[in-house]
Amino acid sequence: MLLSGKEPSQSLKDSVREKSKLFEQKFSRKPCLAVVFAGNNPASAVYVRNKKKACEECQIDHLDINLEEDISREELIGKVEELNRDEKVDGILVQLPLPKHLNETEIISCIAPEKDVDGFTNYNLGCLLSEEKGLVSCTPKGILYILDYYGIETSGKNICVMGRSRIVGKPIAALLTQKSRNATVTLCHSKTENAEFYLKNADIVICAIGKAHAVTEEMVKEDAVVIDVGINRVPDASKKSGYALQGDFCYSREDGGKLSVTPVPGGVGLMTVASLMENTLISACRRMGIEVEEL
Ligand code: GUN
């Protein structure tokens, strides 16, 4: 079967919208997300547009900060610090990748942890590892939401995570091993020997490599759950844009057959955006001294 992201992301956004309305009634302002986009990476431009559209759906204000490709390190840090101080800004999102001359880790570390709605700062990653209250990065959070939505149990299951990025691979591995999830996780990467062995043993496979069709259906159990995080652009002359989107996972039957697969597009990507909306609301509430549940 296909594990579409459409219904779960809509349900999450609907819930955020209702709570944002309550937030506005209570505090006479909307939650506000600052979206920082430096340069003009075409894929990033699409993601940024989708994030702003989701803000509008969820009654969340967005403050658009578009910066030149050649912005200096000092100017960008100055901008982030200005947003840190800005009382009306609840969340700061710096779209990655940044232009090549900028050090992403350094720029991210300048974001105030309480406004770090991407959950990328060392503080929030530390909260994740120590199972303390913080902001959890959006794609891992979206993956958990989609598993829960379709009633997929993780306790006691073997889960193979492909890819060790700071954005997806490492945080999702940490989340799935928490006491609330109880999975046994193998984190594979480009230097893993015999990845085929771990893949074949996995009840759930999470593909977060960023390479089109790097994992194929022959490599996984016939009834595996496959969460495909990859959104890869491959040349396709039949498309007006000249490219098609492909996931990291390659399967033959359109409906997945015995597999349960998240489609690309229309799967995890939608969940990432919906989780960003939820994080912005969480951050707005905490900045006002309450939790979302108290709205
Ligand atoms: N680039 C690709 N994914 C993401 C994401 O989740 N957040 C940000 N800020 N940039 C990204």
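As the structure is a prediction and not an experimental result, all values here were calculated from the model.

Chemist: For this particular structure, what's the right way to read the site of the ligand?
Modeler: Close to the ligand lie K51, L93, V94, Q95, L96, D118 and F120. The contact in question runs from a nitrogen atom of the ligand to an N or O atom on the side chain of Q95, over 3.4 Å. Between the ligand and the protein, one listed contact pairs a nitrogen atom with a backbone N or O atom of L96 at 2.9 Å. For the ligand, whose free accessible area comes to 280 Å², the fraction covered by protein is 82%.

Chemist: What should I look at first to understand the packing of helix α6 (residues 138-149) against helix α7 (residues 169-176) in this one?
Modeler: In a packed pair of helices, the relevant descriptors are the angle between the two axes and the axis-to-axis distance. For the pair α6 and α7, interaxial distance at closest approach is 9 Å and the crossing angle is 45°. Classified by the angle their axes make, α6 and α7 are oblique. Every pair of crossing elements has a handedness; the one defined by α6 and α7 is right-handed. Contacts between α6 and α7 involve P140, I143, L144 and L147 on the former and, on the latter, P171, I172, L175 and L176.

Chemist: Is there a simple way to explain the pattern of salt bridges in this structure?
Modeler: Any two side chains of opposite charge can pair, on the condition that their charged atoms come close. Counted according to the given criterion, the structure contains 19 salt bridges. As a salt-bridge pair, D148 and R181 come within 2.9 Å of each other at their nearest N and O atoms. One end of the pair, D148, is in helix α6; the other, R181, is in the loop between α7 and β5 (184-188), with 33 residues separating them in the sequence. D148 sits in the partly exposed class, given a relative accessible area of 43%. Given the relative accessible area of 15%, R181 is considered buried. Each of D14, R17, E18 and K21 takes part in salt bridges that share partners, so that together they form one network.

What counts, and at which threshold
Residues numbered from 1 in each chain as written. Predicted model: local features only at pLDDT ≥ 70, side-chain atom pairs only at ≥ 80, totals over all residues. Heavy atoms only, no water. Near = heavy atom within 4 Å. Polar contact = N/O pair within 3.5 Å; in protein donor to acceptor, adjacent residues only side chain to side chain. Areas by Shrake-Rupley, 256 points an atom, 1.4 Å probe, with all protein chains shown as cover. Axes fitted to C-alpha atoms, helices over the stretch in contact; angles between N-to-C directions. Helix = DSSP H or I, 4+ residues; strand = E, 2+ residues; numbered from the N terminus. Parallel < 35°, antiparallel > 145°, perpendicular 65-115°, else oblique. Left-handed = near helix turned anticlockwise from the far one by under 90°. Contact = heavy atoms within 4.5 Å. Salt bridge = Lys/Arg side-chain N within 4 Å of Asp/Glu carboxyl O. Buried < 20%, exposed > 50% of the residue type's maximum accessible area, 1.4 Å probe, protein only.

Shape is all these values report; function is a separate question.
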